[in-house]
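# Topology and contacts: notes
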Amino acid sequence: MQYFRSVLFLLIALPAIAMAQVKQPPAFRVVPLGVLGGIDESNLSAYMIAPSGSNNYVCMDAGTLHAGLVKAVAAKTFNIHAEQVLKKYIKGYFISHAHLDHLSGLIINSPDDSTKNIYGLKSTLTTIKDHYFSWQSWANFADDGDAPRLKKYHYKPLEPGSETAIDNTELNVQVFPLSHSNLTSTAFLLRSGDSYILYLGDVGPDEIENSKNMLHLWEAISPLIKSKKLKAIMIEVSFPNEQPDKTLFGHLTPKWLMKELGVLNSLAGSLKGLNIVVTHLKPPATSIFKIKMQLKQENTLGLNLIYPQQGKALEF
């Protein structure tokens, strides 16, 4: 009788066990168009993100566009020409701050682009309007600012504290201000259904920046980590630990990243297995090697550290 009970239990339990072991399908597809900070103008911060199965992408920062799209096509990440991806697939740009290594691809490619929105904090969009699309630095391809206005782009300011639907996509976004030396950078929290992915522009640690912006961001996303709804955090590490704090200029090192994520860990309970996409590594190659080694050594939280490669898609 005990034997038959055991068999019956297994017959009932096995389907539930099998279902629990089925890997959840990815919620997001991320295509890195540029992954570095620093001097390589062909590989600067820019990441296309779309819900899995959709070609309605947004581009988080736009330091490099064309060179990254060419690499993505060569890697068979896309099966159409780079120029078509630019015009048809990218539905809007999200600019974390108006430094050139996060913006120059958008400016240079604007003559060949299609009509779309540029999203960001009001201060970021004002800088783009006044200093780039100004007819002094570049033709004004936007519908606001100095005349004549070529009306290709429309500025869409985002306000912290509210979620906004992104035009021509299935995505929604929330924004959070970040401290980046003497200006405000931005974190963008994208939502597709009940899944989230977080992208941070350049950011310094709260302790160095005399800020609580990172703390406020961690407080906002910790419930999403507890509920397993946050699929990845994309965050910069620009320098190895040897960089003095006084010359960080609003950036992170492995030590400071792990200290900040330790705060998040205390709020969320555990970050074990959380996908951390490390962005904005600054050349030379020796520094990048050091950053990766130091992150590996200091990864006591069990994070899944990911180093994106230009043109090669990631899924979360």
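Residues numbered from 1 in each chain as written. Predicted model: local features only at pLDDT ≥ 70, side-chain atom pairs only at ≥ 80, totals over all residues. Heavy atoms only, no water.

## Remarks on the overall build of the protein chain
If you tally the helices and strands in the protein chain, you get nine helices and 14 strands. Based on the C-alpha atoms only, the size of the protein chain along its principal axes is roughly 90 × 45 × 40 Å. Expressed as a percentage of the 316 residues in the protein chain, the buried residues total 53%. When contacts within the protein chain are restricted to residue pairs at least 6 apart in sequence, long-range pairs at least 24 apart make up 63% of them. Total accessible area computed for the protein chain in this model is approximately 14700 Å², and 55% of it derives from carbon and sulfur atoms. (Helix = DSSP H or I, 4+ residues; strand = E, 2+ residues; numbered from the N terminus. Buried < 20%, exposed > 50% of the residue type's maximum accessible area, 1.4 Å probe, protein only. Contact = heavy atoms within 4.5 Å. Areas by Shrake-Rupley, 256 points an atom, 1.4 Å probe, with all protein chains shown as cover.)

## Here we look at the pattern of salt bridges
Overall, the coordinates contain five salt bridges when judged by the stated rule. For Asp 167, the salt bridge goes to Lys 156, with nearest N and O atoms at 3.7 Å. One end of the pair, Asp 167, is in the loop between strand S7 (164–165) and strand S8 (172–180); the other, Lys 156, is in strand S6 (residues 153–157), with eleven residues separating them in the sequence. Glu 207 is the partner of Lys 259 in a salt bridge, and the nearest nitrogen-oxygen pair spans 2.9 Å. Of this pair, Lys 259 sits in helix H8 (residues 254–268) while Glu 207 sits in helix H6 (residues 206–209); the two residues are 52 residues apart in sequence, bridging distant segments of the chain. (Salt bridge = Lys/Arg side-chain N within 4 Å of Asp/Glu carboxyl O.)

## Regarding the packing of H8 against helix H9 (residues 285–298)
Between H8 and H9, the shortest axis-to-axis distance is 9 Å and the interhelical angle comes to 35°. The interaxial crossing formed by H8 with H9 has right-handed handedness. Across from Pro 254, Lys 255, Leu 257 and Met 258 in H8, the residues of H9 making contact are Ile 291, Gln 294, Leu 295 and Glu 298. (Axes fitted to C-alpha atoms, helices over the stretch in contact; angles between N-to-C directions. Left-handed = near helix turned anticlockwise from the far one by under 90°.)

## Re the sheet that holds strand S14 (residues 314–315)
The strand order S6-S5-S4-S3-S2-S1-S14 describes an open sheet built from seven strands, whose pairing is mixed. At either end of the open sheet lies a strand with only one pairing partner, and these are S6 and S14. (Pairing = 2+ DSSP bridges.)

## Some details on H8
The first and last C-alpha atoms of H8 sit 20 Å apart over 15 residues, in line with the 21 Å expected at 1.5 Å per residue. Those residues of H8 not exposed but buried are Pro 254, Trp 256, Leu 257, Met 258, Glu 260, Leu 261, Leu 264, Asn 265 and Ala 268. At its buried positions, H8 is contacted by H6, helix H7 (213–226), strand S11 (230–236), strand S12 (275–279), H9 and strand S13 (304–306). Following H8 by one or two positions, Gly 269 has its phi on the positive side, about 100°. (Expected span 1.5 Å × (residues − 1).)

## Some words on the sheet that holds S8
Spatial strand order, S7-S8-S9-S10-S11-S12-S13: seven strands in an open sheet with mixed pairing. Looking at the sheet topology across the chains shown, the edges are occupied by S7 and S13.

## With respect to the side chain of Asp 113
Within the secondary structure, Asp 113 sits in the loop between helix H4 (104–109) and strand S5 (116–120). Among the residues examined, Asp 113 registers a relative accessible area of 6% and is labelled buried. Within the structure, Asp 113 has its side chain in polar contact with the side chain of Lys 116 (distance 2.7 Å). Setting aside residues up to four positions removed in sequence, Asp 113 forms contacts with Leu 86, Lys 87, Tyr 93, Lys 152 and Tyr 153. (Polar contact = N/O pair within 3.5 Å; in protein donor to acceptor, adjacent residues only side chain to side chain.)

## Examining helix H5 (residues 122–131)
Inspection of H5 places Thr 124, Leu 125 and Ile 128 among the buried residues, and these make up the whole buried set. Looking down the long axis of H5, one finds its buried residues gathered within 95° of arc, a one-sided arrangement. Those residues of H5 that are exposed and angled more than 90 degrees off the buried face are Lys 122 and His 131. (Arc of directions from axis to C-beta.)

## Structural notes on the nonpolar core
Ranked by size, the top nonpolar core spans 65 residues in total, and within it Leu 198, Leu 200, Trp 218, Ile 221 and Ile 233 carry the most contacts. Contact partners of Leu 198, with chain neighbours within four places excluded, come to Ala 187, Phe 188, Leu 189, Leu 217, Trp 218, Ile 221, Leu 230, Ala 232, Ile 233 and Met 234. Counting 34 residues, the second-largest nonpolar core is a separate cluster that includes Met 48, Ile 80, Ile 118 and Phe 133. (Core = buried A, V, L, I, M, F, W, Y, C linked by side-chain atoms within 4.5 Å.)

## Comments concerning the packing of aromatic side chains
One pass over the full model with this rule turns up nine aromatic pairs. Their ring planes at 80° and their centres at 5.7 Å tell us that Tyr 57 and Phe 78 sit as a pair that is edge-to-face. Here the residue Tyr 57 occupies a position in strand S3 (residues 57–60), and Phe 78 occupies one in the loop between helix H2 (66–74) and helix H3 (82–89), the gap between them amounting to 21 residues. Relative accessible area serves as the criterion here: at 4%, Phe 78 is assigned to the buried category. Cluster of aromatic residues (ring-pair linked, three or more members): Tyr 93, Phe 133, Phe 141 and Tyr 153. (Phe/Tyr/Trp six-rings, centres within 6.5 Å; stacked < 30°, edge-to-face > 60°.)

## Description of the pairing of S11
In summary, the side chains of a regular strand alternate between the two faces of the sheet. With respect to burial, S11 is a largely interior element, six of its seven residues being buried. Note that strand S10 (residues 195–200) and S11 share three bridges and pair parallel. Across the sheet, the residue bridging to Tyr 196 is Leu 230, located in S11. Handedness of the β-α-β unit built from S11, H8 and S12 comes out right-handed. (Right-handed = clockwise from strand over helix to strand, strands pointing away.)

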